[in-house]
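Examination of the molecular architecture
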Amino acid sequence: MATTRKLKLFNDPIYGFIRIPSTELFQLIAHPYFQRLRRISQMGLSYLVFPGAHHTRFHHALGSMHLMQQAIQVLRYKDVEITDEEANGLLAAILLHDIGHGPFSHAMEHSLVDGIGHEHISLLFMQSLNQQFNGSLTSAIEIFKGTYPKKFLNQLVSSQLDMDRLDYLKRDSFYTGVAEGNINSERLITMLNVVDGELVIEEKGIYSVEKFLIARRFMYWQVYLHKTGIVAEQLLIRVLRRARELSAQDVLIEASDALLYFLKNTVRKDTISHDILLKFSALDDIDILAALKKWQHHDDFVLSTLSKMILHRELLEVKIKKNPIAPQRILKQLKEFALKYNLTEEEARYFVFTGTIANTAYNKDDENINILMGNSKIIDVAKASDHLNLKALSKTVTKYYICYPKKSVS
């Protein structure tokens, strides 16, 4: 009797059909830890600025894995040795690289857990999955951590020109409709090579790298650091801080069990147990949105007003300046708002605050993007390029913002 083998495919709006090359990878995707990524938005509250930006970490993880398959194929074609075990490790590592993101991605990164980045939580999830999958993710974990002997494998997962960035720039550009961010990821991948165990780009790809770095700069200023997106994210951080503060004072706060746990308990890096990880895996955007819908009716002015601002998109005024904000300007806004709504200065600070944003398109202090020249020399892209802007892109540009309420608060 004939048996048919079904191809496991996902239809992606960016790349078309994405093939899942192994049963184990498909089982990882099917796992509840991974399925949760369908409920974690890729770009936080950016959809308040760009209505199409409703794509999720699930989309991005699959897209990054698809690009990794292409990179493995290209490097093998160029006689770079990647064993089957290493290829599986690469695909699993890139698939799971963002599995530790909390609700609304970066917005919540340090709000629910105390100073723990999503990379560390991703690693904890990978270690938990490794136990469930009988140690088959050991190589993936080593590649993810950068402890695997072949450095270029880690660079494909995490560097200034990795599959993560190649996917999110193209994907975020597509879903926001910001065409300046669109990059030719296929061209860049075709130009990849390995010299002395490190990832390089062949000389013919230099213009594609330039385009990638300039696109990254555009996307940061136009999208990721958009002033409305910043103020929405700050309000979300502050509404959770207020909920935690009230909870500590034994004020009744309604929320899901998972969210209540993280509001009532301080979770630090050295205190994350398997049970806490399970609680974290139960958290997603829906917990936060459901809480905001309840909190908008709370007796506490700060909690209810912040919740309404986010839900109804009645955000704070935000001004971005090249120089630090004068303290007297902050004080003036604080006093006005506190007096108008009979608040303490501490309560008013939830609505009047300052901060900084910084953009470095190419961080030379991090890890270079190296170009393999025709004469076999390896040169940093900023030196190899004749593009004057590329040196400027290596400098960090810092801007300062102040947020304060518009004339009336509902």
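These remarks concern the structure in this document. (Residues numbered from 1 in each chain as written. Predicted model: local features only at pLDDT ≥ 70, side-chain atom pairs only at ≥ 80, totals over all residues. Heavy atoms only, no water.)

**Description of the environment of Leu37**
Tracing the sequence through the fold places Leu37 in the loop between helix H2 (32-35) and helix H3 (57-77). Residue Leu37 is classed as buried on the basis of its relative accessible area, which comes to 0%. Separated by 68 residues in sequence, Leu37 and Ser105 have C-alpha atoms that sit 9.8 Å apart. Excluding its chain neighbours within four sequence positions, the residues that come into contact with Leu37 are Thr56, Arg57, Phe58, Asp98 and Ile99. (Helix = DSSP H or I, 4+ residues; strand = E, 2+ residues; numbered from the N terminus. Buried < 20%, exposed > 50% of the residue type's maximum accessible area, 1.4 Å probe, protein only. Contact = heavy atoms within 4.5 Å.)

**Section: the sheet that holds strand S8 (residues 378-380)**
Sheet strands line up and pair through hydrogen bonds in the backbone, either parallel or antiparallel. Ordered by their spatial adjacency, 4 strands build an open sheet running S3-S4-S7-S8, and the pairing between neighbours is mixed. What marks the edges here is a single partner per strand, and that holds for strand S3 (192-195) and S8. The sheet shows a mean angle of 50 degrees between the axes of neighbouring strands, direction not considered. The pairing of S3 with strand S4 (residues 198-202) spans 4 bridges and is antiparallel. Opposite Val194, over in S4, you have Leu199 as the bridge partner. (Pairing = 2+ DSSP bridges. Axes fitted to C-alpha atoms, helices over the stretch in contact; angles between N-to-C directions.)

**Some thoughts on the pairing of S4**
Counting buried residues along S4, 4 of its 5 residues qualify, which places the element largely inside the surrounding structure. In terms of strand pairing, S4 meets strand S7 (residues 370-372) through 2 bridges, oriented parallel. If you follow Glu202 over to S7, its bridge partner there is Leu372.

**As for the pattern of salt bridges**
Within this structure, the stated rule accounts for 16 salt bridges. Between Glu202 and Lys78 there is a salt bridge; the shortest N-O distance is 3.0 Å. With Glu202 in strand S4 and Lys78 in the loop between H3 and helix H4 (84-95), this pair connects stretches of sequence that are 124 residues apart. Note on Glu202: relative accessible area 15%, which makes it buried. Judged by relative accessible area, which is 24%, Lys78 ranks as partly exposed. Put simply, Glu254 and Lys294 hold a salt bridge, and the shortest N to O gap is 3.7 Å. (Salt bridge = Lys/Arg side-chain N within 4 Å of Asp/Glu carboxyl O.)

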